[in-house]
Each structure stands twice: as C-alpha cells, then as structure tokens.
Amino acid sequence: MNKQTITLYVPLPNSSRIKVRIPYPMKTERERFKTFHSAFYHPNQKLWSIINTAENWERLQKEFEHKIEIKKLAKFRPLPQKTINEKIQAELAKAEQKLILKAFSPNTIKAYMNEIKTFFSFFRNPKFF
C-alpha cells in the first residue's frame with residue numbers, strides 16, 4: 001500500500017506564498033487545510049497555497065506532523081496560452097470599439113476585453129467566425 005503524504009515546498013526567498021500539494025484521497029487533511037487563513041487552490045498547478053509567514057510554516061508542520069514531506073520548489077506547469085486567429089482579433093477590435101463608444105472607463109474596458117478574449121479563445125474552429 002502506498003502511503004499518501006502532503007508535500008510542502010520550501011518557498012523561495014521572495015515568494016509570497018507557501019505551496020502545498022495534498023493528494024486527492026486525503027480529503028480530511030484537505031478540509032483541515034481549507035480552514036487556514038488565506039488558503040487558495042491553484043487549478044493549473046494542482047496545488048494549494050497560503051501566505052508565506054513563519055507562523056504558517058510552523059502551523060503546517062504541526063498540523064500535518066507525520067504526513068508531510070518537505071521538498072525544494074520545482075518548476076511547475078506554465079499557465080496555458082491560447083492562440084486566437086485573425087477573425088477573432090477583428091471581433092475583439094469591434095467589441096473594444098463598442099465599449100469605447102459607450103463611454104466605459106479604461107479599467108472596465110480592459111476587464112471586459114480580458115473576459116471576451118477568454119471566451120473567444122474557446123472557438124478554435126474558424127467556421128464560427
């Protein structure tokens with residue numbers, strides 16, 4: 001039987017968060033980790049994290065005393081990059097122009113355009129546009 005362990009990654013000197021890998025079968029430990037202040041899940045990296053403080057580091061070691069393994073931080077998967085074709089770029093330009101004409105603030109336009117770009121990136125088939 002393979003013993004499940006929680007992996008704590010030693011944060012880099014300027015790192016603001018402590019990364020933690022909790023295997024899926026360890027549901028009770030994951031639920032306990034969620035009670036930590038600032039606990040956050042990174043779906044692209046499949047890791048949990050909390051704010052990097054000495055208190056949090058000690059609490060993690062006490063809370064999961066016999067179930068942890070400490071490792072150096074390795075490179076994780078980069079965030080996925082989606083490509084968009086010329087037709088989608090043209091549609092994005094039209095959408096941005098409409099937002100400008102409706103007198104939305106620059107920050108609102110930027111936020112909307114990021115969401116629209118994410119939405120359009122799911123349409124890879126050129127027949128949609």
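We now turn to the structure provided with this report. (Residues numbered from 1 in each chain as written. Predicted model: local features only at pLDDT ≥ 70, side-chain atom pairs only at ≥ 80, totals over all residues. Heavy atoms only, no water.)

### Some points on the pairing of strand β2 (residues 17-21)
Two strands pair when backbone bridges link them, and strand β1 (residues 6-10) and β2 are joined in this way by three bridges, in the antiparallel orientation. When the sheet's bridge partners are listed, T7 is paired in β2 with R21. Following β1, the chain reverses through six residues before pairing antiparallel with β2. (Pairing = 2+ DSSP bridges. Helix = DSSP H or I, 4+ residues; strand = E, 2+ residues; numbered from the N terminus.)

### Observations concerning the pattern of salt bridges
One pass over the structure, following the stated rule, counts four salt bridges. Note that E29 and K67 form a salt bridge whose closest N and O atoms lie 2.5 Å from each other. Taken together, the residues E29 in helix α1 (residues 27-34) and K67 in the loop between α2 (54-63) and β5 (68-72) connect sequence positions 38 residues apart. Of the charged contacts in the structure, one is a salt bridge between E91 and K94, with a shortest N-O distance of 3.5 Å. Note that E91 and K94 are positioned in helix α3 (residues 86-101) at a spacing of three residues, about one turn of the helix. When its relative accessible area of 27% is taken as the criterion, E91 is described as partly exposed. Overall, the relative accessible area of 46% leaves K94 in the partly exposed class. (Salt bridge = Lys/Arg side-chain N within 4 Å of Asp/Glu carboxyl O. Buried < 20%, exposed > 50% of the residue type's maximum accessible area, 1.4 Å probe, protein only.)

### Let's talk about the environment of V20
For V20, the position within the fold is in strand β2. According to the relative accessible area criterion, V20 is buried, its value standing at 1%. Separated by 21 residues in the primary sequence, V20 and Y41 place their C-alpha atoms 9.4 Å from one another.

### Quick notes on the packing of aromatic side chains
Counted according to the given criterion, the structure contains five aromatic pairs. With 5.3 Å between their ring centres and 25° between their planes, F33 and F36 make a pair best called stacked. Here F33 and F36 have matching classes, each one buried. By way of ring pairs, the aromatic residues F33, F36, Y41, W48 and F64 are connected into one cluster. Here the basic side chain of R59 rests over the ring of F36, its NZ or CZ set 3.8 Å away from the ring centre. (Phe/Tyr/Trp six-rings, centres within 6.5 Å; stacked < 30°, edge-to-face > 60°. Lys NZ or Arg CZ within 6 Å of the ring centre and 35° of its normal.)

### Digging into the nonpolar core
Grouped together as the largest cluster of nonpolar side chains are 13 residues, with contacts concentrated most on V20, I22, F33 and L60. Contributions of two or more residues to this core are made by β1, β2, β4 (47-51) and α2. Other than its neighbours up to four places away in sequence, I22 contacts I6, R30, F33 and W48. (Core = buried A, V, L, I, M, F, W, Y, C linked by side-chain atoms within 4.5 Å. Contact = heavy atoms within 4.5 Å.)

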